[in-house]
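# Structural features, examined
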Amino acid sequence: MSQSLLRKALAERTLRIRGGHESPYFQIQRKVEGRDDIIRLVRGEPDIPTPSHIIEAAKRCLDSGHIGYTPPGGMIELREAIAHKFKKDNNLEYDAESEILVTAGAQESMAVSLQTLLDPGDEVLLATPHYMAYPANITMAGGKIVYVPTVEEEDFELKPEAIEAAITDRTKLLVLVTPNNPTAGVITAETLSEIADVVRERPGLAVISDELYEKVVYDGFEHISFATLPGMRERTITINGFSKAYSMTGFRVGYMAGPADYILAATEPRHSLSISTSLPSQHAALAALHGPQEFLDEMMVEYHRRRAVMRAAFDELGVTYGEPRGGFYFFANVSGSGMDAVSFADKAVDYGLLFSPGNIFAEGAVDYIRISYLAPREELDEAMDRFRRLWNDCRSGK
Ligand SMILES: Cc1ncc(COP(=O)(O)O)c(C=O)c1O
């Protein structure tokens, strides 16, 4: 097929993202499009329905007929509710008007903060395996990604020594994602404090702390916001959102908080990207924060159960994994199947099962798959039966 003029005109930085080709993540999903025999454990979208009071709030906004832009930072009522949430949940004080920006998902906060901070060639430290939007956004912002490895034996926890080893004169930014997607690992309070010690030594080093999975944690794990550690508030951008905690992926509401002079500078890039977040969605987010919070406990009871189902199947088969302490994934080592993860995930489709091979999240992760438990219990039971059959067939060379 001949190339269009526009394809030939692609910017060098676009070509650095998979040569301008489609992500294998979407290729995998397209392969099974329209097939209703497939159990999809591939995406990070909660299947638990959005609480009805949240949906009602969006509907009321639509019915009002007043659906305009808001200030780029978001409706002040929503920013006030977010500031209150920061105080209550994270022990962080942010001024609603000057220190919080509402964005189209946490993803836009990520893009805006990288665009706001990076000069060409600035290095950004990112734990790997990683959420794939980070490398793409770092590249689009002109930055250089420096991967910091995390390993199964350490439950994929990012270690201060690994950060220290990766720091150079060009390091501008450290990205922390805890709990982590895809590994489901967390950074403990002790390790966070050691990371803060490393950061404190580097006067120019800024931090993005992505806390999107903060509410999805297990076994009594207590999430700590990096910005609460001594000296970290003035150099940390805290990113969060509504997608994972309130089953609100399609509403596209997220936010970031940071010092007022940074937020002021980020406001124009934010405005230039999408002007403001959709108004019905902002009302929905406001309802999520103002409304009853029991949903979160009920959600976690359900996720605990599902995690136990998947863990039992993996333990029985001898599939190993980093301890999943946050999020709704297992980053599971399938090398015992005798196949590499890409072939294993391909073969899984023949058994009616879809998950991602780990190389989508880290170049060298040939032994791993990311598999989510975002399906109702009966479906998950069936999925694990299929997984067992797949595993046993692979091991017996079928
Ligand atoms: C670590 C992490 N950050 C950010 C996002 C973006 O989330 P959203 O834009 O839906 O808030 C995701 C989505 O999966 C994620 O896993």
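Now for a description of the structure that goes with this document. A quick note: this is a predicted structure, and the numbers were derived from the prediction, not measured.

### Topic: the sheet that holds strand β6 (residues 206-210)
Strand-to-strand pairing in sheets goes through backbone hydrogen bonds, with the strands running parallel or antiparallel. Spatially, the 7 strands line up as an open sheet ordered β2-β8-β7-β6-β5-β3-β4, and their pairing is mixed. The open sheet has two edge strands, β2 (100-103) and β4 (144-149), and neither has a second partner. Across the sheet, the mean angle separating the axes of adjacent strands is 20° when strand polarity is ignored. Strand direction decides the pairing type here: strand β7 (residues 236-241) and strand β8 (residues 254-257), joined by 4 bridges, are antiparallel. When the bridges of β8 are listed, glycine 241 appears paired with glycine 254.

### Focus on the pairing of strand β5 (residues 171-177)
Most of β5 is tucked away: 6 of the 7 residues are buried. As paired elements, strand β3 (residues 123-128) and β5 share 4 bridges and run parallel to each other. Bridge assignment links leucine 125 to a residue of β5, and that residue is leucine 174. Relative to β6, β5 is paired through 5 bridges, and the arrangement is parallel.

### Some points on the site of the ligand
With respect to spatial proximity, 13 residues lie near the ligand, and among them Ala106, Asn181, Asp210, Ser243 and Arg252 are the closest. Within the backbone of glutamine 107, a nitrogen or oxygen atom sits 3.0 Å from an oxygen atom of the ligand. Within the side chain of arginine 252, one N or O atom sits 2.7 Å away from an oxygen atom of the ligand. Out of a free accessible area of 400 Å², the ligand has 94% covered by protein chains. Counting residues per element, the shell around the ligand draws most heavily on helix α6 (residues 105-117), at 4 residues. A class-by-class count of the residues in the shell around the ligand yields 6 nonpolar, 4 polar and 3 charged.

### Re the environment of tyrosine 94
One can find tyrosine 94 in the loop between α5 (76-90) and β2. The buried category is assigned to tyrosine 94, whose relative accessible area is 6%. Expressed as a C-alpha distance, the spacing of tyrosine 94 and aspartate 119, which sit 25 residues apart in the sequence, is 27 Å. Ignoring anything within four residues of it in the chain, the contact list for tyrosine 94 reads Ala83, Phe86, Glu99, Ile100, Ala227, Arg233, Thr236, Thr238, Ala257 and Gly258.

### Comments concerning the nonpolar core
Counting residues in hydrophobic clusters, the biggest one holds 95 residues, and the most contacted among them are Leu78, Phe242, Tyr246, Tyr303, Phe314, Phe355 and Phe387. Among the elements that make up this core, the one with the highest residue count is helix α12 (residues 294-317) (10 residues). Looking at which domains feed residues into this core, each of domain 1 (5-49 + 295-395) and domain 2 (67-290) supplies at least three. Apart from residues lying up to four places away in sequence, phenylalanine 355 is in contact with Ile28, Leu41, Val42, Phe344, Ala345, Ala348, Ile369, Arg370, Ile371, Phe387 and Leu390. The next biggest cluster of nonpolar side chains, apart from the first, holds 21 residues, and it includes Val146, Val198, Leu229 and Met232.

Analysis parameters
- Residues numbered from 1 in each chain as written.
- Predicted model: local features only at pLDDT ≥ 70, side-chain atom pairs only at ≥ 80, totals over all residues.
- Heavy atoms only, no water.
- Pairing = 2+ DSSP bridges.
- Helix = DSSP H or I, 4+ residues; strand = E, 2+ residues; numbered from the N terminus.
- Axes fitted to C-alpha atoms, helices over the stretch in contact; angles between N-to-C directions.
- Buried < 20%, exposed > 50% of the residue type's maximum accessible area, 1.4 Å probe, protein only.
- Near = heavy atom within 4 Å.
- Polar contact = N/O pair within 3.5 Å; in protein donor to acceptor, adjacent residues only side chain to side chain.
- Areas by Shrake-Rupley, 256 points an atom, 1.4 Å probe, with all protein chains shown as cover.
- Nonpolar A, V, L, I, M, F, W, Y, C, P; charged D, E, K, R; others polar.
- Contact = heavy atoms within 4.5 Å.
- Core = buried A, V, L, I, M, F, W, Y, C linked by side-chain atoms within 4.5 Å.
- Domains from an automatic or database assignment.

Nothing here speaks to function; it is geometry throughout.
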